[in-house]
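The lines below spell out each chain.
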Amino acid sequence: MQKHRVAKTADLPPGEREIVTVNKREIGILNVDGTLYALRNVCPHRLGPLCKGRVRPLVVWEGETNIGHERENEIIKCPWHNWEFDLKTGKSITDDSLRVRTYRVETEGEDVVLYLNGR
Ligand code: FES
């Protein structure tokens, strides 16, 4: 497992994100309400810049006419065609056969550290 210091915690407060390139992979690091997420910045639909999308709740139907929201700030919406992905697992909400790669990310002192398997 490779460990990469990709940002300073002070540069990534809640609500902020950074796109970093590690081993030729573009990876988005997002701080959502104090929780860090890391996922590949390539949407599996048509290769859009997924990590530049809005973070949203999951929109659900409640009955036949009302919509509600669940899982506040756990969904990212691709800016190109609005496909939605679970920030924790990378699974697509739109097509459950698709997922985007997610990575382990943690703070270590003043650093934000990303862990990659393999190359
Ligand atoms: S490229 Fe992301 S939804 Fe189409």
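Residues numbered from 1 in each chain as written. Predicted model: local features only at pLDDT ≥ 70, side-chain atom pairs only at ≥ 80, totals over all residues.

1. Observations concerning the overall build of the protein
Turning to step 1, where the next piece is worked out: A tally of helices and strands in the protein yields zero helices and nine strands.
Turning to step 2, where the next piece is worked out: N-terminal to C-terminal, the α/β element order of the protein is β-β-β-β-β-β-β-β-β.
Turning to step 3, where the next piece is worked out: Against the globule reference of 14 Å for 119 residues, the protein gives a C-alpha radius of gyration of 15 Å, in line with a compact fold.
Turning to step 4, where the next piece is worked out: Every one of the 119 residues in the protein was classed for burial, and the buried ones make up 23%. (Helix = DSSP H or I, 4+ residues; strand = E, 2+ residues; numbered from the N terminus. Rg over C-alpha atoms; globule rule 2.2 N^0.38 Å. Buried ≥ 20, exposed ≤ 12 C-beta atoms within 10 Å, placed from the backbone.)

2. Section: the sheet that holds strand β2 (residues 17-22)
One key point about sheets: their strands pair by backbone hydrogen bonds, in either a parallel or an antiparallel sense.
Turning to step 1, where the next piece is worked out: Spatial strand order, β1-β9-β8-β4-β3-β2: six strands in an open sheet with antiparallel pairing. One side of each edge strand has no neighbouring strand; the edge strands of this open sheet are β1 (2-8) and β2. Ignoring which end each strand starts from, the neighbouring axes of this sheet average 30 degrees apart. (Pairing = 2+ DSSP bridges. Axes fitted to C-alpha atoms, helices over the stretch in contact; angles between N-to-C directions.)

3. Looking at the nonpolar core
Turning to step 1, where the next piece is worked out: Membership of the largest hydrophobic core comes to 22 residues, with the highest contact counts inside it found for Ile 29, Tyr 37, Ala 38, Leu 39, Leu 50 and Val 105.
Turning to step 2, where the next piece is worked out: Looking at this core, the elements that each hand over two or more residues are β3 (25-32), β4 (35-40), β6 (66-77), β8 (102-108) and β9 (111-116).
Turning to step 3, where the next piece is worked out: In terms of residue count, β4 provides more of this core than any other element does, four residues in total. (Core = buried A, V, L, I, M, F, W, Y, C linked by C-beta atoms within 7 Å.)

4. Side note on the sheet that holds strand β7 (residues 84-86)
Turning to step 1, where the next piece is worked out: Sheet architecture is open: three strands sit in the order β5-β6-β7, paired in antiparallel fashion. Only two strands of the sheet have a single partner each, and these edge strands are β5 (54-62) and β7. Neighbour-to-neighbour, the strand axes of this sheet turn through a mean angle of 50 degrees, independent of strand direction.
Turning to step 2, where the next piece is worked out: Looking at chain direction, β6 and β7 are connected through three bridges and run antiparallel.

5. Here we look at unusual backbone geometry
Turning to step 1, where the next piece is worked out: Of note, the phi angle at Asn 23 is positive, near 50 degrees, even though the residue is not glycine.
Turning to step 2, where the next piece is worked out: Structurally, Asn 23 can be placed in the loop between β2 and β3.
Turning to step 3, where the next piece is worked out: By the C-beta count within 10 Å, which is 10 here, Asn 23 ends up exposed.
Turning to step 4, where the next piece is worked out: You will see that Asn 73, though not glycine, has its phi angle at about 60 degrees, which is positive.
Turning to step 5, where the next piece is worked out: Relative to the helices and strands, Asn 73 resides in strand β6.

6. Remarks on the pairing of β6
Turning to step 1, where the next piece is worked out: One ladder, built from eight bridges, connects β5 with β6; its direction is antiparallel. For Arg 54, the partnering residue across the bridge sits in β6 and is Lys 77.
Turning to step 2, where the next piece is worked out: Hairpin connection from β5 to β6: three residues lie between these consecutive antiparallel strands, with Gly 63 at a positive phi of about 80 degrees.
Turning to step 3, where the next piece is worked out: Counting the residues between successive antiparallel strands, the hairpin from β6 to β7 contains six residues, one of them, Asn 82, with a positive phi of roughly 65 degrees.

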